[in-house]
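Report on the structure
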Amino acid sequence: MNTEKKSLRDVWSSRWAFILVATGSAVGLGNIWKFPYIAGENGGGAFVLVYLLCIAIIGIPVMMAEIMVGRSGKQNTVNTLKSIAKKEGRDPAWRFIAWVGVAAGFIILSYYSVIAGEALAYVFRAFGGTFEGVTADGAQNIYKSLTDDPERLLAWHTVFMVITMTVAARGIKNGLEKLIKVLMPALVVMLLLLVGFAANTGEYFTQAVDFLFSPDFSKLTRAGVLTAMGHAFFTLSLGMGAIMVYGSYLPKDISIAKVTVAIAFADTLIALLAGLAIFPLVFANDLSTNAGPGLIFETLPIAFGHMAGGQLFGGIFFVLLVFAAWSSAISLIEPAISWLVENKQISRRRASVTAGFAVWLLGLLTVFSFNVGSHWLLFGMTLFELLDYLTANIMLPLGGLFVTLFAGWIMSQKSSRGELAIKSDFVYRSWLFLVRYVSPVAISIIFLNIIGLLG
Ligand code: TRP
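Residues numbered from 1 in each chain as written. Predicted model: local features only at pLDDT ≥ 70, side-chain atom pairs only at ≥ 80, totals over all residues. Heavy atoms only, no water.

Our next topic: the packing of aromatic side chains. Summed over all chains, the structure comprises 27 aromatic pairs. Ring plane angle 35° and centroid distance 5.9 Å describe the contact between Tyr428 and Trp431, whose orientation is recorded as tilted. Placement of both Tyr428 and Trp431 in helix α18 (residues 425-451) is noted, with a separation of 3 residues, approximately one turn of the helix. The pair formed by Tyr428 and Trp431 is uniform in burial state, with each residue classed as buried. (Phe/Tyr/Trp six-rings, centres within 6.5 Å; stacked < 30°, edge-to-face > 60°. Helix = DSSP H or I, 4+ residues; strand = E, 2+ residues; numbered from the N terminus. Buried < 20%, exposed > 50% of the residue type's maximum accessible area, 1.4 Å probe, protein only.)

Okay, the nonpolar core next. Counting residues in each nonpolar core, the largest one holds 170 residues, and the members touching the most others are Phe317, Phe318 and Trp431. Per-element accounting of this core gives the leading share, 18 residues, to helix α5 (residues 96-127). In this view, Trp431 contacts Pro61, Met64, Ala65, Met68, Ala407, Ser416 and Leu420; residues no more than four positions away in its chain are not counted. (Core = buried A, V, L, I, M, F, W, Y, C linked by side-chain atoms within 4.5 Å. Contact = heavy atoms within 4.5 Å.)

Bringing the packing of helix α2 (residues 29-41) against helix α3 (residues 45-73) into the picture now. Think of two packed helices as two axes; the pair is described by the angle between the axes and how far apart they sit. The interhelical angle for the contact between α2 and α3, taken along N-to-C directions, is 130°, at an axis separation of 8 Å. The orientation of α2 relative to α3 falls into the category oblique. The handedness of the crossing between α2 and α3 is right-handed. Of the residues in α3, those in contact with Phe35, Ile38 and Ala39 of α2 are Phe47, Val48 and Tyr51. Along the lines of polarity and charge, the residues of the contact of α2 with α3 split into 6 nonpolar, no polar and no charged. (Axes fitted to C-alpha atoms, helices over the stretch in contact; angles between N-to-C directions. Parallel < 35°, antiparallel > 145°, perpendicular 65-115°, else oblique. Left-handed = near helix turned anticlockwise from the far one by under 90°. Nonpolar A, V, L, I, M, F, W, Y, C, P; charged D, E, K, R; others polar.)

A few words on the site of the ligand. Near the ligand lie 16 residues; those nearest to it are Ala26, Gly30, Tyr112, Phe234 and Ser331. Within the side chain of Asn31, a nitrogen or oxygen atom sits 3.4 Å from an oxygen atom of the ligand. Calculation on the ligand without its partners gives an accessible area of 360 Å², and the protein chains cover 100% of this total. At the level of secondary structure, the elements contributing two or more residues to the shell around the ligand comprise α1 (15-26), α2, α5, α10 (222-235) and α14 (310-343). Looking at the shell around the ligand, its residues break down into 8 nonpolar, 8 polar and no charged. (Near = heavy atom within 4 Å. Polar contact = N/O pair within 3.5 Å; in protein donor to acceptor, adjacent residues only side chain to side chain. Areas by Shrake-Rupley, 256 points an atom, 1.4 Å probe, with all protein chains shown as cover.)

Within the secondary structure, Asn449 sits in helix α18. Residues in contact with Asn449, not counting those within four places in the same chain, are Arg222 and Leu454.

Another aspect to go through is the pattern of salt bridges. One pass over the structure, following the stated rule, counts 7 salt bridges. Here Lys34 ties to Asp388 by a salt bridge, and the two come within 2.9 Å at their closest N and O atoms. Residue Lys34 is found in helix α2, and its partner Asp388 is found in helix α16 (residues 383-410); the two are separated by 354 residues along the sequence. Judged by its relative accessible area of 3%, Lys34 falls in the buried class. Across the pair Arg348 and Glu334 runs a salt bridge, and its minimum N-O distance is 2.8 Å. Of this pair, Arg348 sits in helix α15 (residues 348-369) while Glu334 sits in helix α14, and the two are 14 residues apart along the sequence. For Arg348, a relative accessible area of 22% translates into the label partly exposed. Here the salt bridges do not stand alone but share partners, grouping Arg71, Lys252 and Glu419 into one network. (Salt bridge = Lys/Arg side-chain N within 4 Å of Asp/Glu carboxyl O.)

Here we come to helix α17 (residues 413-420). Listed as buried for α17 are Ser416, Glu419 and Leu420. Buried residues of α17, viewed axially, fall in a sector of 95°; they line one side. In α17, the exposed residues that point more than 90 degrees away from the buried face are Lys414 and Gly418. Looking at the buried side of α17, the elements it contacts are α3, α12 (256-284), α16 and α18. Where α17 ends, the next residue or the one after it, Ala421, has phi of about 50°, a positive value. (Arc of directions from axis to C-beta.)

Its 24 residues give helix α8 (residues 176-199) an end-to-end C-alpha distance of 34 Å, which sits within 8% of 34 Å, the value for a rise of 1.5 Å per residue. By the burial criterion, the buried members of α8 are Leu176, Glu177, Ile180, Leu183, Met184, Leu187, Met190, Leu191, Leu194, Val195 and Ala198. (Expected span 1.5 Å × (residues − 1).)

For Phe379, which is not glycine, the phi dihedral falls at a positive 50°. Residue position: Phe379 is located in the loop between α15 and α16. Non-glycine residue Ala421 carries a positive phi angle of around 50°. Relative to the elements of secondary structure, Ala421 occurs in the loop between α17 and α18.

What follows covers the packing of α3 against α17. Between α3 and α17, the shortest axis-to-axis distance is 10 Å and the interhelical angle comes to 95°. In terms of orientation, α3 and α17 fall into the roughly perpendicular class. Note on element contacts: α17 touches α3 through Ser416, Glu419 and Leu420, opposite Met64, Met68, Arg71 and Ser72. The residue inventory of the contact of α3 with α17, partitioned by class, reads 3 nonpolar, 2 polar and 2 charged.

Chain-level statistics for the protein chain give a pLDDT mean of 93 and a share of 96% at 70 or above. Across the protein chain, the element-wise mean pLDDT spans from 87 in α1 up to 98 in α2. Here residues 1-8 scores under 50 on pLDDT; set against residues more than four positions off or in separate chains, the count is 10 contacts. (pLDDT = per-residue confidence, 0-100.)

Laid out in structure tokens, this is it:
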């Protein structure tokens with residue numbers, strides 16, 4: 001079958017457009033909701049350091065590899081891997097990595113949407129003045145009353161899936177870039193405002209800085225290292241093909257290395273700002289760093305409830321958070337949609353409805369895991385925790401491992417060098433060394449370590 005025909009694909013309008021949508025994909029709940037709570041659960045400093053190292057030596061090379069492979073293949077991820085493998089005279093079975101990626105995107109979106117739904121619910125609570133003068137206990141109760149109620153969670157999850165699939169159906173290039181150009185800077189401004197508020201807490205701010213940036217390795221566990229690596233993939237949207245599909249729309253003349261570094265930098269900055277906004281509140285209010293997925297929902301309302309104009313700022317903040325989640329969610333489903341459209345010849349609209357419905361249904365597991373099903377445990381985890389663990393800690397790093405092997409060993413150096421268009425021999429060689437040896441070995445060591453094979 002000829003699967004390489006007529007993909008009337010347009011390309012991003014400029015380098016900026018690509019940076020914007022890829023940053024839009026990267027920056028999301030991962031930075032603002034997930035990073036702070038997993039940093040809290042894993043003891044802070046040492047975990048943050050491992051996470052930063054993973055961004056640098058695994059995340060950046062893998063992201064370059066994904067964009068490079070995507071641009072070289074110019075199709076959905078399945079066809080891209082198949083056609084490149086064929087061209088290089090290798091086994092087209094490499095395309096199965098893309099399948100795992102499509103599945104990971106489905107599963108991640110299923111719980112991502114439930115959390116984004118919670119953020120959406122908070123838009124109304126914030127504008128409605130619910131947080132006015134709220135105490136730490138009060139904030140916890142507000143969050144609990146949302147998650148305890150499966151109907152409410154389900155309703156917001158449904159709203160979020162509908163808005164996500166509506167945009168996905170229109171195609172990612174219509175409008176998304178313009179939106180993100182305004183939203184990202186606005187989000188950074190709001191975070192700076194929150195960090196400014198937190199800085200006023202004086203000693204608690206210092207305590208938070210200490211917590212996040214002074215590594216105490218006695219608090220770091222093997223599981224923590226795996227979580228840090230998994231999160232490096234999650235936050236940069238790597239390991240499942242999202243950035244690969246985006247790369248497939250990237251014009252030829254753009255430096256992949258430069259855009260990658262810019263995206264990774266912006267993404268990391270936003271996560272660290274979120275940490276600096278949240279942990280002073282945790283310490284000032286005697287809360288636990290171990291609050292889990294409710295952390296931002298239980299802390300930020302305290303800040304908004306006590307600052308001048310907090311009702312307005314709080315509302316705006318959660319609106320921006322929803323938008324950030326939205327531009328990420330679209331990228332989670334794009335590999336599936338582009339495959340359905342290009343290989344199954346169905347319209348983007350039908351593809352979006354079908355895929356969206358499946359994801360919505362799967363999302364019920366997460367909805368229930370916070371209430372009626374909170375005691376349904378598998379391997380000691382709730383269903384939400386299990387889906388998150390399976391994707392972020394296993395599927396994404398595994399996908400990343402195979403992408404590095406593909407880019408470093410399956411693609412010829414002539415192809416990768418031509419596609420990356422790096423002029424400096426040194427830079428190209430360094431990248432090649434990273435994807436061939438450093439990243440795959442680092443990922444493998446962390447995996448072996450968790451299984452306990454390294455003693
Ligand atoms: N990176 C996003 C965040 O931090 C989530 C996300 C979007 C993602 N696309 C992805 C995670 C692809 C893994 C793979 O919120």
